[in-house]
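Remarks on the overall topology
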Amino acid sequence: MLLCIMISAFMGAGFFATVIALTVGSIPGGVRMTRGQVLSERKKEYIEAAESINASKPAIMFRHLLPNVIQPMIIITTMSIGNMITMAASLSYIGLGIQPPTPEWGNMLNTGKAYLLNEWYMALFPGLAIMMVILALNLLGDGLRDALDPRMKR
C-alpha cells in the first residue's frame, strides 16, 4: 500500500496513475507467490523423474512445472482482486486515486463522511458495495480452489 501511495503521489491523481500504481504495487507480491509455488513444486518426485530421463529444462518447465503452478496462481490472482479494489478505493479516499467527476467508491465514501449524521446512507451504500464485491470475488476464488485443486477432490 505504501508503494502504491508513493507511486500515485509521484505520478499525480487520475485513472492512469491509479492503474499504474496498483499494477506496480502488486508485482512484488505476485512474484513472491509465483516463486514460492515454483520452489515447492521443484522438490516433488515427478520433477526428479523427468530429470532422471534427461528431459530438457524447457520441457520440464512447460510440460510439468507450469501446469501445476498455473492453477494455484489463478486462485491467488482471483483472491487478490479484492485487495486491488480496496487499495483503489483507499487511494481515492485519500485523494490520490481517481478524481471526482468520475464515480469511484473511495470518492463516494470520502464525500459521504461529511454527511454521516444526517444522510448516513451516502457512506453506507458505497461501503456495502465494496464489501459485497470483495465477498463475491473471495467466494469465486474459494470455488475455483475447490474446483481446480486436485488435493481437495474426493
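Quick summary incoming for the structure in this document. Along each chain, residue indices are assigned from 1 in the same order as the chain's sequence is written. Side-chain atom pairs in this predicted model are given and counted only at pLDDT of 80 or more, local residue features only at pLDDT of at least 70, and totals for whole chains, interfaces and linings cover all residues. Side-chain calculation: all heavy atoms of the structure are included, whereas hydrogens and water are not.

**Some points on the overall build of the protein**
Counting secondary structure elements, the protein contains six helices and zero strands. Runs of H or I in DSSP of at least four residues are treated as helices and runs of E of at least two as strands, each being numbered from the N terminus. Traced from its N-terminal end to its C-terminal end, the protein shows the element sequence α-α-α-α-α-α. With C-alpha atoms as the basis for the radius of gyration, the globule rule is written as 2.2 Å multiplied by the number of residues raised to the power 0.38. A compact globule built from 154 residues should have a C-alpha radius of gyration of about 15 Å, whereas the protein, at 21 Å, is more than 25% larger. Dimensions of the protein along its principal axes, counting C-alpha atoms only, are 70 × 40 × 20 Å. For the protein, with 154 residues in total, the buried portion stands at 26%. Throughout, a residue-residue contact means that at least one pair of heavy atoms, one from each residue, lies within 4.5 Å. Considering only residue pairs separated by 6 or more positions, the protein has 55% of its internal contacts joining residues 24 or more positions apart. If you sum the accessible surface of the protein, you get close to 10200 Å²; carbon and sulfur atoms cover 68% of it. As used throughout, the charge tally considers Lys and Arg to be positive and Asp and Glu to be negative, leaving His and the chain termini uncounted. Taken as the charge centre is NZ of Lys, CZ of Arg, CG of Asp or CD of Glu, depending on the residue. Taking the average location of the 12 positive side-chain charges in the protein and that of its 9 negative ones, the two points are 6 Å from each other. Burial classes: relative accessible area under 20% of the type maximum marks a residue as buried, over 50% as exposed, and values in between as partly exposed (1.4 Å probe, protein chains only). All accessible-area figures derive from a Shrake-Rupley calculation using a 1.4 Å probe, and residue coverage is judged against the displayed protein chains alone.

**Points about the pattern of salt bridges**
Any carboxyl oxygen of Asp or Glu that lies within 4 Å of a side-chain nitrogen of Lys or Arg is treated as forming a salt bridge with it. In this structure the tally under the stated criterion is one salt bridge. Where Glu-41 meets Lys-44, a salt bridge forms, and the shortest distance between an N and an O atom there is 3.2 Å. On the basis of relative accessibility, which here comes to 33%, the residue Lys-44 falls in the partly exposed class.

**Overview of a nonpolar patch on the surface**
Only residues whose relative accessible area exceeds 30% and that form no salt bridge enter a patch; like-charged residues are grouped when within 9 Å of one another, and nonpolar side chains (Val, Leu, Ile, Met, Phe, Trp, Tyr) when within 5 Å. Among the surface-exposed residues, Tyr-115, Leu-116, Trp-120, Tyr-121, Met-122, Leu-124, Phe-125, Leu-128, Met-131, Met-132, Leu-135 and Leu-139 lie close enough to one another that they form a single nonpolar patch of about 1200 Å² accessible area. Mapped onto the fold, Met-122 is located in helix H6 (residues 121–148). Its relative accessible area of 31% is what places Met-122 among the partly exposed residues.

**Some points on the environment of Gly-97**
Locating Gly-97 in the fold gives a position in the loop between helix H4 (57–93) and helix H5 (105–112). What makes Gly-97 buried here is its relative accessible area of 0%. Setting aside residues no more than four positions away along its own chain, Gly-97 makes contact with Ser-8, Ala-13, Gly-14, Thr-18, Leu-91 and Ser-92.

**Re the environment of Leu-139**
As for its position among the elements, Leu-139 is in helix H6. Residue Leu-139 is classed as exposed on the basis of its relative accessible area of 55%. With 46 residues separating them along the chain, Leu-139 and Tyr-93 place their C-alpha atoms 26 Å apart.

**Some words on H6**
By definition here, a helix of n residues has an expected span of 1.5 Å times n minus one. Counted at 1.5 Å a residue, the expected span for H6 with its 28 residues is 40 Å, and the 40 Å between its end C-alpha atoms agrees. Within the span of H6, buried status applies to Ala-123, Pro-126, Ile-130, Ile-134, Leu-137 and Gly-141. Where H6 is buried, its residues contact H4 and H5.

**Examining the side chain of Ser-8**
Tracing the sequence through the fold places Ser-8 in helix H1 (residues 2–11). Taking relative accessible area as the criterion, Ser-8 reaches 0% and is therefore assigned buried. Distance and chemistry together define a polar contact, namely a pair of N or O atoms within 3.5 Å, with one atom able to donate a hydrogen and the other to accept it when in protein, and with adjacent residues in sequence counting only for side-chain atoms on both sides. One polar contact links the side chain of Ser-8 to the main-chain carbonyl oxygen of Leu-96, over a distance of 2.4 Å. Once residues lying within four places of it in the same chain are set aside, the contact partners of Ser-8 are Ala-13, Ala-21, Leu-91, Leu-96 and Gly-97.

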